[in-house]
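# Structural overview for review
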Amino acid sequence: MSVREILKFPDKRLRKVAKPVQKFDDYLDILINDMFETMYHSDGIGLAATQIDVHLRVIVIDIKDVEKLYLINPEITQTSGTMESKEGCLSVPYLIDYVPRAEKISLKSYNRQGKPKLIEATGLLAVCIQHEIDHLDGKLFVDYLSSLKRSRLKKKINKDATLAS
Ligand code: NI
């Protein structure tokens, strides 16, 4: 297993739309294992393959005391309710903010052998899954924020880059 590099906003590779997994092979196993290791290394609760520059529809999640799981080709089939969730992202280390999400979701996913599994999620788990699926579609949680907040964020990143150089 190895820790991979996590892409950081505003890297354009975070905007690529991931392709469905078609081969359930050793490569996929290694990818999932590396994603868990990379996520734990950064103390995250979720990671999408997009964030390590692998553009396949794979997600890992570990919300302590709630759920540890991986999702392959996840597809939300039903949503209900709305909530404001307080979110951060390993690819956007400068920001935590509120994002509108569905409160409850049903989804279809696959296990490592390519067998379909159905999942129901609520609360933090539901929010985390929605956040990670957004990554697979090239979307970041900052896209939900006002343009004023986003321009402040870009200024902050540029300032830090200047100080670091
Ligand atoms: Ni994220």
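Here is a short report on the structure shown in this document.

A few words now on the pattern of salt bridges. This structure, assessed with the given rule, holds nine salt bridges. In this structure, R15 and D143 form a salt bridge, with 2.8 Å as the shortest nitrogen-oxygen distance. A residue pair is termed long-range when its members are at least 10 positions apart, and R15 in the segment before α1 (26–41) and D143 in the loop between α2 (123–136) and α3 (147–164) qualify at 128 residues. The class for R15 is partly exposed, based on a relative accessible area of 38%. Between D97 and K149 there is a salt bridge, and its shortest N-O distance comes to 3.0 Å. Of this pair, D97 sits in strand β4 (residues 92–110) while K149 sits in helix α3; the two residues are 52 residues apart in sequence, bridging distant segments of the chain. Classification of D97 as buried rests on a relative accessible area of 11%. Where salt bridges share partners, they join D11, R13 and D53 into one cluster.

Now for the coordination of the nickel ion. For the nickel ion, every protein donor is listed as C89 (SG), H131 (NE2) and H135 (NE2), and the spread of their distances is 2.1 to 2.2 Å. Of note, the nickel ion draws all its donor residues from one chain, in the sequence arrangement C-x41-H-x3-H. In this pair, C89 sits in strand β3 (residues 67–89) while H135 sits in helix α2, placing the two residues 46 residues apart along the sequence. In this pair, the class of C89 matches that of H135, namely buried.

Below, the discussion takes up the side chain of Q130. Turning to its location among the elements, Q130 is positioned in helix α2. A distance of 3.0 Å separates the side chain of Q130 from the backbone oxygen of A126, its partner in a polar contact. Once you skip the residues sitting within four places of it in the chain, Q130 turns out to touch I76, R101, A102 and I105.

Take the nonpolar core next. Counting residues in each nonpolar core, the largest one holds 18 residues, and the members touching the most others are I59, I61, L71, I105, L125 and I129. Taken together, the elements giving at least two residues each to this core come down to β2 (58–63), β3, β4, β5 (116–122) and α2. The element best represented in this core is α2, accounting for six residues. By size, the runner-up hydrophobic cluster in this structure holds 17 residues, among which are I6, I32, Y70 and I72.

Moving on, we come to α1. End to end, α1 covers 22 Å across 16 residues, agreeing with the expected 22 Å (1.5 Å per residue, within 8%). Looking at α1, one finds that the buried residues are L28, L31, I32, D34, M35, F36, T38 and M39. Those residues of α1 that are buried are in contact with β1 (46–48), β2 and β3. One or two positions beyond α1, positive phi appears at D43, with a value near 60°.

Basis of the calculations
- Residues numbered from 1 in each chain as written.
- Predicted model: local features only at pLDDT ≥ 70, side-chain atom pairs only at ≥ 80, totals over all residues.
- Heavy atoms only, no water.
- Salt bridge = Lys/Arg side-chain N within 4 Å of Asp/Glu carboxyl O.
- Helix = DSSP H or I, 4+ residues; strand = E, 2+ residues; numbered from the N terminus.
- Buried < 20%, exposed > 50% of the residue type's maximum accessible area, 1.4 Å probe, protein only.
- Donors = N, O, S within 2.8 Å, 3.2 Å for Na, K, Ca; no water.
- Polar contact = N/O pair within 3.5 Å; in protein donor to acceptor, adjacent residues only side chain to side chain.
- Contact = heavy atoms within 4.5 Å.
- Core = buried A, V, L, I, M, F, W, Y, C linked by side-chain atoms within 4.5 Å.
- Expected span 1.5 Å × (residues − 1).

Interpretation note: all reported values are geometric properties and have no functional meaning in isolation.
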